[in-house]
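# Inside the fold
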Amino acid sequence: MSARRPLPSVQDIIRCLREYTDSLEEHFEVAVWIDINGPKVRTGKLAGGKPVHLKKGDEFFFVNDDSLVGDNTKVATTYTRELVRVGDKLKIDDGLLSFTVVERLENSIRTIVENNGILGENKGINFPERTIEDLPAISEKDRKDMLFAMKQDVDFISISCIRDIQDAEEVRMLLGNSQIKMLAKIENQRALSNFESILRVADGIVIDRGYLGSEVDVDIIAIAQKKMVAMANAAGKPILIANQVLESMVSNPRPTRSESADVANAVMDGVDGLVLSAETAVGEYVDETVKAMRKIAYQAELNTNYLEYQMKAMRNVPKPVHVNESIASSAVLCARQVGATIIMVITEAGGTARLVAKYRPLIPVVAATTVRKTARQLSANFGLVPYYHSGHVQTVIKDTLTYARDIGLCKAGDIAVVTSGQVIGFLEGTTTKMQLVRVPS
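As a starting point, this report considers the structure included with it. Residue positions are counted from 1 within each chain, in the order its sequence is given. With pLDDT at 70 or above as the cut-off, local features in this predicted model cover only qualifying residues; side-chain atom pairs require 80 or more to be listed or tallied, and sums for whole chains, interfaces and linings still use all residues. Side-chain metrics in this entry use all non-hydrogen atoms of the structure; hydrogen atoms and water are not considered.

### Points about the sheet that holds strand S5 (residues 74–76)
- Note: two strands are recorded as paired if DSSP finds a minimum of 2 bridges between them. Runs of E in the DSSP output that reach at least two residues are strands. Runs of H or I that reach at least four are helices, and both are numbered from the N terminus. As summarised here, the arrangement of the 7 strands in space is S2-S10-S6-S7-S8-S4-S5, forming an open sheet in which the pairing is mixed. Two strands bound the open sheet, and with one partner strand each, they are strand S2 (41–42) and S5.
- The sheet contact formed by strand S7 (residues 97–104) and strand S8 (residues 108–113) spans 5 bridges and is antiparallel. The residue of S8 that forms the bridge with Glu-103 is Arg-110.

### Regarding the nonpolar core
- Nonpolar cores are built from buried Ala, Val, Leu, Ile, Met, Phe, Trp, Tyr and Cys residues. Side-chain atoms within 4.5 Å join them into one set. Exposed residues in this analysis have more than 50% of their type's maximum accessible area, buried residues have under 20%, and partly exposed residues fall in between, with area computed by a 1.4 Å probe over protein chains only. Within the largest apolar cluster, 40 residues are counted, with the highest numbers of intra-cluster contacts made by Met-146, Val-154, Ile-157, Ile-159, Ile-205 and Met-228.
- With 5 residues, helix H7 (residues 218–235) is the largest single contributor of residues to this core.
- Apart from residues lying up to four places away in sequence, Ile-159 is in contact with Asp-35, Ile-36, Gly-38, Ala-137, Ile-138, Met-146, Val-171, Leu-183, Ala-184 and Lys-185. The contact criterion used throughout is that any non-hydrogen atoms of two residues lie within 4.5 Å.

### Concerning helix H3 (residues 165–175)
- Listed as buried for H3 are Ile-165, Asp-167, Ala-168, Val-171 and Leu-175. For H3, the buried positions fall inside an angular range of 160° around the axis, keeping them on one side.
- Buried residues in H3 make contact with helix H2 (140–151), strand S11 (156–159), strand S12 (181–186) and helix H5 (195–201).
- Between a side-chain oxygen at the N-terminus of H3 and the backbone nitrogen of Gln-166 the separation is 3.2 Å; the capping residue is Asp-164.
- Phi turns positive, to about 60°, at Gly-176, one or two residues after H3. Think of it as the arc spanned by the lines of direction from the helix axis to the C-beta atoms. A 3.5 Å cut-off defines polar contacts: any pair of N or O atoms within that distance qualifies, except that in protein one atom must be a possible hydrogen donor and the other a possible acceptor, and neighbouring residues in sequence count only when both atoms are side-chain atoms.

### Regarding the sheet that holds S11
- Strands sit in the order S1-S11-S12-S13-S14-S15 across an open sheet of 6 strands; the sheet is parallel. Across the chains shown, the open sheet's two edge strands, defined by having one partner strand only, are strand S1 (33–36) and strand S15 (273–275). Strand-to-strand twist of the sheet, defined as the mean angle between neighbouring strand axes without regard to direction, takes the value 25°.
- Where S1 and S11 come together, 4 bridges link them in parallel fashion. Its bridge partner being in S11, Ile-36 is matched across the sheet by Ile-159.
- Here H2 sits on the sheet and contacts S1 and S11; the angle it forms with S1, its principal contact strand, is near 170°. Axis lines are fitted to C-alpha atoms, over the contacting stretch for helices. Their N-to-C directions set the angle, which ranges from 0 to 180 degrees.

### Describing the side chain of Lys-373
- Of note, Lys-373 is situated in helix H14 (residues 372–377).
- The exposure class of Lys-373 is buried, given its relative accessible area of 10%.
- For Lys-373, the contacting residues outside a window of four places in its chain are Asp-153, Val-154, Asp-155, Ser-178, Gln-179 and Ile-180.

### Overview of the packing of aromatic side chains
- Classification of ring pairs rests on two measures: the distance between centres of Phe, Tyr or Trp rings, Trp counted by its six-membered ring, which must be within 6.5 Å, and the angle between planes, read as stacked under 30 degrees, edge-to-face over 60 and tilted in between. Counted by the stated rule, this structure contains 5 aromatic pairs.
- A ring pair is formed by Phe-62 and Phe-99, whose centres lie 5.1 Å apart and whose planes are at 85°; its orientation type is edge-to-face. Here the residue Phe-62 occupies a position in strand S4 (residues 59–63), and Phe-99 occupies one in strand S7, the gap between them amounting to 37 residues.
- Phe-99 gets classed as buried once you look at its relative accessible area, which sits at 0%.
- With a centroid separation of 5.5 Å and an interplanar angle of 45°, the aromatic rings of Tyr-306 and Phe-382 are classed as tilted. Placement of Tyr-306 in helix H11 (residues 306–315) and of Phe-382 in the loop between H14 and strand S18 (384–388) is noted, with a sequence separation of 76 residues between them.
- Through a chain of ring-to-ring contacts, three or more aromatic side chains come together here, namely Phe-60, Phe-62 and Phe-99.
- Sitting above the plane of the Phe-382 ring, Arg-360 keeps its charged end 4.2 Å from the centroid. Lysine NZ or arginine CZ positioned within 6 Å of the ring centre and within 35 degrees of the ring normal marks a charge as sitting over the ring.

This is how it looks when you write it as structure tokens:
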């Protein structure tokens, strides 16, 4: 029997991805996103790395010993201190397994399994009745992981289980001036309660509904999601929905009707992206899942009244309006009035491009930038087509519109609305110019 082929390292995966996209003529921009553990409690290792079956009514121990290799009677965990009391519930793997604490021991807790299920390694543990305050936002391992991510020049870092603005600010300080965008993952009641302040500090939001659903009642999740999406849209920041999106497709070739409706509603509410997890990580129908997701999202977009959305967004902009916001909304309004087929935004850090996307124009928006990282990061925003311009700065408008024409976004002679700064190399926040040009032949 041949030896098992070793798995590629994270560095190799990132390198291969970038080499592949660089070799394509279509100018695809694919961002690299690394998720950091944050103040999340997880299960430890299991014998042979294999999941174990637990039965309702069995005793099960959670042990404070990183070296412990677990089985169907015990597992190591990163946290079982005095926070947990007799009678408390523990939920694992987005609530798929539930335990009741019956006794505290010197270095472990004894529980009773509440339902049949499968326990895997490195699964998140929720404490619905308790709030953990003493876990640091960034552990020593998280710090090392973030330094590794910065060394690899990734585009996004997300921090799991952020609790408040202080956690978000600590992450921001560690990132420094690396230009990596920070995504805050909303996964617990604390984060939900502090969402508005977290949104101000983060560059984007990820709602992890599986983990969040273990702490927040199921009847609240859908309404909370809609409110968070609306607030992120108003701020012009990308918001993504993750976990339990097309969960049934882990083992089935087709999604359920309720899953399809859920995805369509999320798109129509205004989310920028949908994140597949188990469906593509361990699922049996990876290609089918991605295709199903695209079809559902496409139909939802076709049947969304973006003109109504656009007018509402313009009415709700706080007064006085910032110059960038005014240029962005004016570009969208002007494009509609003159019958333009494309909006082009020349940007360096991406701020104005995101503001234009915020108004959900009915035509494509091409974001041209001389910064490759910015181009990759803009791929997370709804409706934006990033274009990395490596040529001379004086030809950026002509080259970008030619690219848009070549990929079928517009035709020669069409009207294009172009926004830019007064000089090439302007910084984010100084977009002051809007003009109308014809797409070159």
